[in-house]
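# Working through the structure, step by step
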Amino acid sequence: MTAIKTEHIDVLVIGGGPAGMAAAIAARLAGARHVAIVERGGYLGGILNQCIHNGFGLELLKKDLTGPEYAQHYIDQVKRLKITVMLNTMAIDITKDREVTLSNSKDGLIRIKAGAIVLAMGCRERTAGMLSISGTRPAGIYTAGVAQTLINLKNLMVGKRVVILGSGDIGLIMARRLTLEGAKVISVVEKSPYPGGLLRNVTQCLEDFDIPLILSHTIIEVEGRDRLESVTLARVDRHGNPLKSRRKKIKCDTLLISAGLIPENELSKKAGVRIDKKTGGPIVDEEYHTSVPGIFACGNVVSVHDIVDWASMDAEIAGASASLYSSKPWHRHHALEIELDNEISYCVPQILRGSRDTEVSIRVKRPIEKVFVGVRRDTMLSRSAYHEILIPSEALRVPIKAGAVEGAENLSIFIEKSSSIKREHK
Amino acid sequence: MKRDLICTICPLGCKVMATYAHKKATAICGNRCPKGEAYALSEIRNPRRILTTTIKVEGGIFPLVSVRTNRPISRDSMRRVVKNLHNTFVKAPIEIGDRLAHGVSGSGSDIVATRSIPKKKAKP
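Residues numbered from 1 in each chain as written. Chains lettered and ligands numbered in written order. Predicted model: local features only at pLDDT ≥ 70, side-chain atom pairs only at ≥ 80, totals over all residues. Heavy atoms only, no water.

### Observations regarding the overall build of chain B
On a plain count of helices and strands, chain B comes out with two helices and ten strands. Each helix and strand of chain B, ordered N terminal to C terminal, gives the series β-β-β-α-β-β-β-β-α-β-β-β. Compactness check: chain B gives a C-alpha radius of gyration of 19 Å against a globular reference of 14 Å for 124 residues, more than 25% above the reference. Taking the principal axes of the C-alpha coordinates as reference, chain B spans close to 65 × 30 × 15 Å. (Helix = DSSP H or I, 4+ residues; strand = E, 2+ residues; numbered from the N terminus. Rg over C-alpha atoms; globule rule 2.2 N^0.38 Å.)

Here it is as structure tokens:
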């Protein structure tokens, strides 16, 4: 047995999806000489390849692209900038000293010492097993993303009469896709009193095809021996608990689950990266620097983004910062943890150091109307903006200047009903 | 008549209120840009959408190629167009941007590949 040779790479990016590619490109453009992307799958672009619908790139590229087209835009740059791409390669271990162990069937084990690492592993879907649905375990139950892979990439249809549980964006997109492919989507069932996906997807995927969206309901039981035969629909109370009365059986052969995404952080944890319990991803500062020096993170591994453009934008910052770190590591001092209003479930970045102007992404816990969202530095109100409505499915990006962080004792983001502010002024 | 619309042109998703009579708009408000007004007008007259779907591929490294219409087509024709494309096969290699079918939906829209599909290499 020969010893494994250790190779040095300036910036190693783990994950070849939209965030990984944008980070690698930014790292290269910022001066890093040897940048490499490690990708578990057989091609770059990740989940974009199965997202054949349009609406990607409107914010960042000012073009209305489909997923594969958006991916191609970045793949072309990866090629042009001569970034090393290792496909069908799995990162199996990372240490806090930035030693990474990779594995593939051609080279076996590869060890890399990286000047900086960018984590861009994305997220995975919440599965049927993670929801409390009782009953048998028949065929015909898929997560929405798996159904999307089967239909859009493998040419395999999943069923004829479909119920979708959860109104996340992938579920809504799949409701339309299945309908266009000739299946009957009976209904989309959502436990919350409001939809989980973007409003535009409710409109163009459900309303366009007269697919009913049943709010404040869930599926409590599945039935069927070999194949799914029916699901039981139940109304839920305010706390999300199914009610005993008001249950209904729906005959169907397929159930899709679109009940949220979870950042995939097994590797991050191996490196000792601190994880935010709310987002399920690493705690980062405005450079997308994690708690471990030299390890950066971006995209859906940090927190689930509503649209890919924002994942790419964050990734560009992470990549450029990683490039800088690999050539000249810096020591970090001053760090301010952003304090949040009770109405806000989380924010990213969670920590600010005042190193650059930034946009902090916040998500509210429930829909709230007619509010001011502002930033308070110590006791001083530094900025506030009016919003007609804020909903949990659509994150808000709050700009914060580097100057607002410098020398501050604490920094908080607050939400105030517009009526209460008016009263204050009187 | 009145209709509340969610503009789907961009992810901002503006709530646009349209008042109209006999498919003609009398007032449009709530949009944050001119695209919202154009969207509302088209929604009242004849809703149009970019159609995205897949076509079967022969001899490619993947069995399907993702495609889109090069311009929005009438919403009511989407199902019919997808059904007709079920009988279409295209040969690899396919380059992103290739026109794979012409004049679908009777509106002169073409079907364009949104991904490149290289040829499958023959096993030696």
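Having seen the structure, we can now continue with the description.
### Describing the pattern of salt bridges
Residue and element names in this part refer to chain A. Here the structure, examined in full by the defined rule, presents 20 salt bridges over all chains. Taking the shortest distance from any N to any O, the salt bridge between Arg124 and Glu266 comes out at 3.5 Å. Of the two residues, Arg124 is situated in strand β9 (residues 123-125) and Glu266 in helix α6 (residues 266-270); the sequence distance between them amounts to 142 residues. For Glu388, the salt bridge identified is with Lys370, shortest N-O distance 2.8 Å. Remark: Lys370 occurs in strand β25 (residues 368-377) and Glu388 occurs in strand β26 (residues 380-390); sequence separation between them is 18 residues. (Salt bridge = Lys/Arg side-chain N within 4 Å of Asp/Glu carboxyl O.)

### What about unusual backbone geometry?
For the bond from Val348(A) to Pro349(A), the omega torsion is -5°, close enough to zero to count as cis. Within the secondary structure, Pro349(A) sits in the loop between β22 (344-348) and β23 (351-352). Omega for the bond connecting Ala92(B) with Pro93(B) falls within 30 degrees of zero, at 0°, which places this linkage in the cis form. Mapped onto the secondary structure, Pro93(B) falls in the loop between β8 (89-91) and β9 (99-104). If you check the backbone angles, Asn88(A) has positive phi at about 50° while not being a glycine. Residue placement: Asn88(A) occurs in the loop between β5 (84-86) and β6 (90-94). Phi angles above zero are rare outside glycine, and Lys370(A) is one such case at about 50°.

### Notes on the layout of surface pockets
Considering only enclosed or pocket space, the second largest pocket measures out at about 1100 Å³ in volume. Ile389(A), Glu394(A), Leu12(B), Gly13(B) and Arg32(B) are the residues nearest the centre of the second largest pocket, which is lined by 32 residues in total. Looking at the lining of the second largest pocket, the elements that each hand over two or more residues are β25, β26 and β27 (396-400) of chain A together with β2 (15-21) of chain B. Among the elements that make up the lining of the second largest pocket, the one with the highest residue count is β26(A) (five residues). Here the lining of the second largest pocket is composed, by residue class, of 19 nonpolar, four polar and nine charged. (1 Å grid on protein atoms, 1.4 Å probe; cavity = no way out; pocket = protein on both sides within 12 Å on 5 of 7 lines; lining within 4 Å. Points joined across faces, edges and corners; volume = space filled by probe spheres on them. Nonpolar A, V, L, I, M, F, W, Y, C, P; charged D, E, K, R; others polar.)

### Looking at the interface of chain B and chain A
With 28 residues of chain B at the interface, the matching set in chain A holds 30 residues. Taken over both partners, the interface formed by chain B and chain A buries close to 2600 Å², and the fraction arising from carbon and sulfur atoms is 57%. In this structure, the connection of chain B to chain A is made through three salt bridges. Its salt-bridge partner being Arg68(B), residue Glu69(A) comes within 2.7 Å of it at the nearest N-O pair. Applying the counting rule to chain B against chain A returns eight residue pairs in polar contact (both at pLDDT 80 or more). For the side of chain B that touches chain A, the secondary-structure elements that each account for two or more residues are β5 (52-58), β6 (64-69) and α2 (78-85) of chain B. Ranked by residues supplied to the side of chain B that touches chain A, first place goes to β5(B) with four residues. In terms of residue class, the side of chain B that touches chain A is built from 15 nonpolar, seven polar and six charged. (Contact = heavy atoms within 4.5 Å. Buried area = accessible area lost by both parts, 1.4 Å probe. Polar contact = N/O pair within 3.5 Å; in protein donor to acceptor, adjacent residues only side chain to side chain.)

### With respect to the domain arrangement of chain B
Here chain B is described as being made up of domain 1 (2-45) and domain 2 (52-113). Its C-alpha centre places domain 1 of chain B at a distance of 29 Å from the equivalent point of domain 2 of chain B. (Domains from an automatic or database assignment.)

### Some remarks on helix α4 (residues 169-180) of chain A
Residues that lie three or four places apart on an α-helix share one face, since the helix turns once every 3.6 residues. All names here are of chain A. Look at α4: 17 Å from first C-alpha to last across twelve residues, which is about the 16 Å you get at 1.5 Å a residue. Along α4, ten of the twelve residues are buried, which leaves the element largely enclosed by surrounding structure. Buried within α4 are the following residues: Gly171, Leu172, Ile173, Met174, Ala175, Arg176, Arg177, Leu178, Thr179 and Leu180. Directly beyond the C-terminal end of α4, a positive phi value near 100° is found at Gly182. (Expected span 1.5 Å × (residues − 1). Buried < 20%, exposed > 50% of the residue type's maximum accessible area, 1.4 Å probe, protein only.)

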